[in-house]
Amino acid sequence: MIPVIRQDPRFADAEDEDEYQSRRSNPLIRDNRTCRLKEVESSDLVKFEPPLYIQRYARVVEHCKTGQYRTIADFGTAELTFVQYLKNLDFVNQIFAVDIDRNLLNSQKHRCRPQMFDHLNKRSEPLNISVLCGSVLEFDSRLHDLDCICAIELIEHLQKDDVEKFSAALFGRYQPKNVIITTPNKDFNVLFEFEPDQMRHWDHKFEWTREEFRTFCEGVTTKYDYKFDLFGVGDPPSEHQTVGPCSQGAVFTRQASKLGSSSLEKFPTEVYETLYSVDYPVEDKSLTPDYHLTNEIIYQCNQIGIAEYQEQGDEISVISIAHLQTFPSIDQYRVSDAHIAELARATEHLRVMEDGLSILVQNVPDSPSAPYCGFSDENNDSPSAPYWGFSDDENDGAGPSYNYHVGAEELW
């Protein structure tokens, strides 16, 4: 038998010559980052702006916002792209990203890590992202009774015989409160000028017309306790309205608000392999608005003191509380001048004038031998930068003590 020389390395893993030629003939676009092939979603007759996949993600995100879903699973997560959208929803507490491709998940799981922005702008609510490897035909009890499971452009990658197994696992065992499924609309394919029976992606096992997709949805609601609403993404050109949207979808809603008791609580089944799990930084809710306002008052007073010391050499600054109220970072708290004066009195860094209308800031220590906050000259140990604070007169005779400018970690 003469071996077939496959000159196109993109399709070198094809199992036989028929699959090789079929994949090679499709007008597919290569994704250089993940070495996966994207499905066809544009042609000379139709192009989408923004790209269709972005419109699709945005539409699903809108459904999640409307339902305020707190626990969400993304089935067929692939490169974890949709997770990047979900993690920016401040009401989401748990995201499960599920895919069967272990190598792909391992190469992309870093996209779930909290970034510097996430540490500087901590979430008001907890968020855990878990990347799980496994088949959507299997059942993992960690994903039971979630607020929503999303299967975006996934179902057409299953064998037709597995669609019923998928439905049984999804609607019969996982039983999420909501399910969002999207899949290509075969009726739209005429605008891609395909050959007969050609599909948008080499791995698609089938593609449904709008009528076929509706039949699937009705079958789900007949067998399981769900109702559904159809939607579309990617409108056709005005002269081709009859083909419908490029991508079709359905939102399934569970009829029962609560599920009955189950053996899952006693016998949890965790079949998915956890490849990565991370908790995002959360703000400390024990820190009250007054805590944050106090730090802001100290910071702004010290900034004013620094400026007056450097520009005019003033060792003491008297700052009007009314002037502090003009700073947006302080004005946002909408408190009275008296409240600001009360907070300032409670600090060791500031002193309030007797009239309660101004704050006194000491810009340099009252003793030249005292410790200081700032930089020293290479040839002189004297301070070259102002010190912010006041000495404590009640320190058991141990000599003057000094209250240093609050550090950045305390301010933010």
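Everything here concerns the structure above.
Treat the numbers as computed from the prediction; the structure is a model and nothing was measured.

Student: Any details on the nonpolar core? Residues and values, ideally.
Tutor: The nonpolar side chains of a soluble globular protein tend to be buried, and buried together. Counting residues in hydrophobic clusters, the biggest one holds 41 residues, and the most contacted among them are Ile72, Phe82, Ile129, Cys150 and Phe188. Secondary-structure elements contributing two or more residues to this core are helix 2 (52–67), helix 3 (81–86), strand 4 (94–99), strand 5 (128–133), strand 6 (148–152), strand 8 (226–233) and strand 10 (273–279). In terms of residue count, helix 2 provides more of this core than any other element does, five residues in total. With residues near it in sequence (within four places) discarded, phenylalanine 82 still touches Tyr57, Val60, Val61, Asp74, Cys150 and Ile152. Counting residues in hydrophobic clusters, the runner-up holds 34 residues, among them Phe96, Phe139, Ala169 and Cys217.

Student: Explain the environment of isoleucine 152 to me, using residue names and the numbers behind them.
Tutor: Mapping isoleucine 152 onto the fold places it in strand 6. Taking the relative accessible area as the measure of exposure, isoleucine 152 reaches 10% and is therefore buried. Here the alpha-carbon distance between isoleucine 152 and threonine 77, two residues 75 residues apart in the chain, equals 8.3 Å. In this structure isoleucine 152 touches Arg56, Tyr57, Val60, Phe75, Phe82 and Thr182, once residues within four positions along its chain are discounted.

Student: Run through the sheet that holds strand 12 (residues 351–352), naming residues and quoting values.
Tutor: The three strands are arranged 11-13-12 in an open sheet whose pairing can be described as antiparallel. The sheet is open, and its two borders are formed by strand 11 (316–320) and strand 12, each paired with just one other strand. Looking at chain direction, strand 12 and strand 13 (residues 358–362) are connected through two bridges and run antiparallel. Across the sheet, valine 352 pairs through a bridge with isoleucine 359, a residue of strand 13.

Student: An account of the pairing of strand 9 (residues 247–254) is requested, with residue identities and associated values reported.
Tutor: Of all eight residues making up strand 9, seven are buried, and the element is well covered by its neighbours. As paired elements, strand 7 (residues 178–184) and strand 9 share seven bridges and run antiparallel to each other. When the bridges of strand 9 are listed, threonine 182 appears paired with glycine 249. Looking at chain direction, strand 8 and strand 9 are connected through eight bridges and run antiparallel. Each bridged residue has a counterpart across the sheet, and for aspartate 229 the counterpart in strand 9 is valine 251.

Student: Give me the lowdown on the side chain of glutamate 156, citing residues and values where you can.
Tutor: Looking at the secondary structure, you find glutamate 156 in the loop between strand 6 and helix 6 (160–174). Buried charged residue glutamate 156 carries no salt bridge. Nearest counter-charge: arginine 56, at 7.4 Å. Within polar-contact distance, the side chain of glutamate 156 engages the side chain of threonine 183 at 2.8 Å.

Student: Got a sec to walk through the sheet that holds strand 6? Specific residues and values, please.
Tutor: Strands sit in the order 8-9-7-6-3-4-5-10 across an open sheet of eight strands; the sheet is mixed. One side of each edge strand has no neighbouring strand; the edge strands of this open sheet are strand 8 and strand 10. The mean angle between the axes of side-by-side strands here comes to 15 degrees, regardless of whether they run parallel or antiparallel. Helix 6 rests against strand 3 (71–75), strand 6, strand 7, strand 8 and strand 9 of the sheet, and its axis sits at about 165 degrees to strand 7. Against the sheet, helix 7 (residues 210–223) engages strand 7, strand 8 and strand 9, with an angle of about 160 degrees to strand 8.

Conventions we followed
- Counting restarts for each chain: residues are numbered from 1 in the order of the written sequence.
- The predicted origin of the model limits local features to residues at a pLDDT of at least 70 and limits the giving and counting of side-chain atom pairs to 80 or more, whereas totals for whole chains, interfaces and linings rest on all residues.
- Note that water and hydrogens are dropped before the side-chain values are worked out from all heavy atoms of the structure.
- Definition used in this section: a nonpolar core is a set of buried Ala, Val, Leu, Ile, Met, Phe, Trp, Tyr and Cys residues joined via side-chain atoms within 4.5 Å.
- Three labels apply to residues, based on accessible area from a 1.4 Å probe with only protein chains included: buried if under 20% of the type maximum, exposed if over 50%, partly exposed otherwise in between.
- Helix and strand definitions follow DSSP, with helices as H or I runs of at least four residues and strands as E runs of at least two, each counted in order from the N terminus.
- Contacts are residue-level and defined by heavy atoms, with any inter-residue pair within 4.5 Å sufficient.
- At least two DSSP bridges between two strands are required for those strands to pair.
- Positive: Lys, Arg. Negative: Asp, Glu. His and the chain ends are not part of the count.
- When a carboxyl oxygen of Asp or Glu lies within 4 Å of a side-chain nitrogen of Lys or Arg, that pair is called a salt bridge.
- Side-chain atoms alone can form a polar contact between residues adjacent in sequence; in general such a contact is a pair of N or O atoms within 3.5 Å, and within protein one must be able to donate a hydrogen while the other accepts it.
- Orientation is described by axes fitted as lines to C-alpha atoms, over the contacting stretch for helices, and by angles from 0 to 180 degrees between their N-to-C directions.

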